[in-house]
Amino acid sequence: MMFVLANWKAILAAALIVGSFGAGWQVHGWKYGAEQTAAVVATQKAEKADYKVAVQTEETQAKTHQAEDAKAQTTIQTVIRYVKADPAYCGIHADSVLQLNNQREGLPPAK
Amino acid sequence: MIELIIAMIGGLLYRMRGAHHEPLLGLSGRAQKILYMIAFSSIYATAAFCSTGTWAGLIVWAVTFGAITTGHASYIDLAHVVDGSTGAPADGQTDEWYGRWIPGTGYWHEFAGLAVSGLLITLPCGLATLNPIIGLSGALKAPAYAIGWLIQDWTELNMFFAREAFTGFLLWGALAWVIL
């Protein structure tokens, strides 16, 4: 007790230093820590959104390719049908169309 | 009461030696700041003079003046400013020469840097008067800035001037409190 009474000014100064540091540290962490967390969450959200857009773009591109493919298939089948129906009329093109189709389908060359 | 008045004068002088205010007395900004720095260090010189003698007073005056002119820009933001952001100290976040030995980064590193910066001001007088409380009172510069930032963080008030005023208030106030 005597020590406290004799050194109360020094104790008060030490308490001021420790108290202000502790309080400042806490508030700083509370405010700027929260801001940093918010920034990290925002970055993660943006990354997720980017990923979503990339997946959607890929899906759209795949669908477009599928549609183009189907259209090409239909065209080829139609040509083949014409060729088979009237080889004389389409004789000039028949071979090349059949070869092209077989090559595309991975089949052996037409004879 | 007299301690409170001395502390308030200290706060005023320490604030006036800082930046961002219109020069008074028709002097240039730099000349005026030098005068305020001389005035702020004079109380330490007076304490050393009364305690030890003329030479001690003069030496303490010169050394304390030098300590006040020494930079502290890296620490005064107390980790509130990050590298390259708007309003960053002119010297970036590079440690001052007296703070390079302090480990770590961030809030506590800058708090310690401010304490050392304050100790440079008061240690010469503490040595001359052989009074450890006077010598260590400079460490109060750190809580002065911490309190200023604490208020700013809570209230969003701009405490730029107040932080410096708190420093002068605590430094001169501590000296007056110990001596009187």
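Residues numbered from 1 in each chain as written. Chains lettered and ligands numbered in written order. Predicted model: local features only at pLDDT ≥ 70, side-chain atom pairs only at ≥ 80, totals over all residues. Heavy atoms only, no water.

Student: Hey, could you go over the packing of helix H1 (residues 2-16) of chain B against helix H2 (residues 29-51) of chain B for me, with residue numbers and the actual values?
Tutor: In a packed pair of helices, the relevant descriptors are the angle between the two axes and the axis-to-axis distance. All names here are of chain B. Between H1 and H2, whose axes approach to 8 Å, the crossing angle comes to 150 degrees. With respect to H2, the element H1 is oriented roughly antiparallel. Here H1 runs over H2; the crossing is left-handed. Contacts between H1 and H2 involve Ile6, Gly10, Leu13, Tyr14 and Met16 from the former and Lys33, Tyr36, Ala39, Phe40 and Ile43 from the latter. For the contact of H1 with H2, the class distribution of residues is eight nonpolar, one polar and one charged. (Axes fitted to C-alpha atoms, helices over the stretch in contact; angles between N-to-C directions. Helix = DSSP H or I, 4+ residues; strand = E, 2+ residues; numbered from the N terminus. Parallel < 35°, antiparallel > 145°, perpendicular 65-115°, else oblique. Left-handed = near helix turned anticlockwise from the far one by under 90°. Contact = heavy atoms within 4.5 Å. Nonpolar A, V, L, I, M, F, W, Y, C, P; charged D, E, K, R; others polar.)

Student: Explain the layout of surface pockets residue by residue, including any values.
Tutor: Of the volumes computed, that of the second largest pocket is approximately 460 Å³. Those elements that provide at least two residues to the lining of the second largest pocket are helix H2 (8-85) of chain A together with H1, helix H5 (132-136) and helix H7 (160-179) of chain B. A per-element tally of the lining of the second largest pocket places H2 of chain A first, with seven residues. The class makeup of the residues in the lining of the second largest pocket is 18 nonpolar, two polar and two charged. (1 Å grid on protein atoms, 1.4 Å probe; cavity = no way out; pocket = protein on both sides within 12 Å on 5 of 7 lines; lining within 4 Å. Points joined across faces, edges and corners; volume = space filled by probe spheres on them.)

Student: Break down the interface of chain A and chain B for me, with residues and values.
Tutor: Contact with chain A, which involves 17 residues of that partner, is made by 21 residues of chain B. Carbon and sulfur atoms make up 78% of the surface buried where chain A meets chain B, a total of about 1600 Å² over both sides. Put simply, chain A and chain B have two residue pairs in polar contact (both at pLDDT 80 or more) between them. Split by residue class, the side of chain A that touches chain B holds 12 nonpolar, three polar and two charged. (Buried area = accessible area lost by both parts, 1.4 Å probe. Polar contact = N/O pair within 3.5 Å; in protein donor to acceptor, adjacent residues only side chain to side chain.)

Student: Could you give an account of the confidence of the model for chain B, with specific residues and numbers?
Tutor: Averaged over chain B, the pLDDT score is 85; the fraction of residues at 70 or greater is 93%. In the model output, the complex is listed with pTM 0.69 alongside ipTM 0.74. (pLDDT = per-residue confidence, 0-100.)

Student: Explain the pattern of salt bridges residue by residue, including any values.
Tutor: Residues and elements named next belong to chain B. One pass over the full model with this rule turns up two salt bridges over all chains. Here arginine 15 ties to glutamate 164 by a salt bridge, and the two come within 2.1 Å at their closest N and O atoms. On the criterion of sequence distance, the pair formed by arginine 15 in helix H1 and glutamate 164 in helix H7 is long-range, its members being 149 residues apart. Across the pair, exposure class does not vary: arginine 15 and glutamate 164 are buried alike. When the shortest N-O distance is used, the salt bridge between arginine 17 and glutamate 164 registers 3.5 Å. On the criterion of sequence distance, the pair formed by arginine 17 in the loop between H1 and H2 and glutamate 164 in helix H7 is long-range, its members being 147 residues apart. Pair check on accessibility: arginine 17 and glutamate 164 agree, each one buried. In this structure, a network of salt bridges that share partners links the residues Arg15, Arg17 and Glu164. (Salt bridge = Lys/Arg side-chain N within 4 Å of Asp/Glu carboxyl O. Buried < 20%, exposed > 50% of the residue type's maximum accessible area, 1.4 Å probe, protein only.)

Student: Quick rundown of the side chain of glutamate 96 of chain B? Include the residues and the values.
Tutor: Within the element layout of this structure, glutamate 96 of chain B appears in the loop between helix H3 (54-69) and helix H4 (106-129). Among buried Asp, Glu, Lys and Arg side chains, glutamate 96 of chain B stands out as unpaired, with arginine 100 of chain B the closest opposite charge at 6.9 Å. (Lys, Arg positive; Asp, Glu negative; His and termini not counted.)

Student: Provide a residue-level description of the packing of aromatic side chains, including the pertinent values.
Tutor: On inspection of all chains with the given rule, the structure shows 13 aromatic pairs over all chains. Ring plane angle 50 degrees and centroid distance 5.7 Å describe the contact between phenylalanine 21 of chain A and tyrosine 107 of chain B, whose orientation is recorded as tilted. With phenylalanine 21 of chain A in helix H2 and tyrosine 107 of chain B in helix H4, this pair bridges two chains. Look at phenylalanine 21 of chain A and you get partly exposed, because its relative accessible area is 24%. The interplanar angle of 25 degrees and the centroid separation of 6.3 Å between the aromatic rings of tyrosine 107 of chain B and phenylalanine 111 of chain B together place this pair among those described as stacked. Here tyrosine 107 of chain B pairs with phenylalanine 111 of chain B, and both are found in helix H4, just four residues apart, close to one helical turn. For the pair shown, tyrosine 107 of chain B and phenylalanine 111 of chain B are each scored as buried. In this structure an aromatic cluster arises from ring pairing among Phe21 and Trp25 of chain A together with Tyr107 and Phe111 of chain B. (Phe/Tyr/Trp six-rings, centres within 6.5 Å; stacked < 30°, edge-to-face > 60°.)

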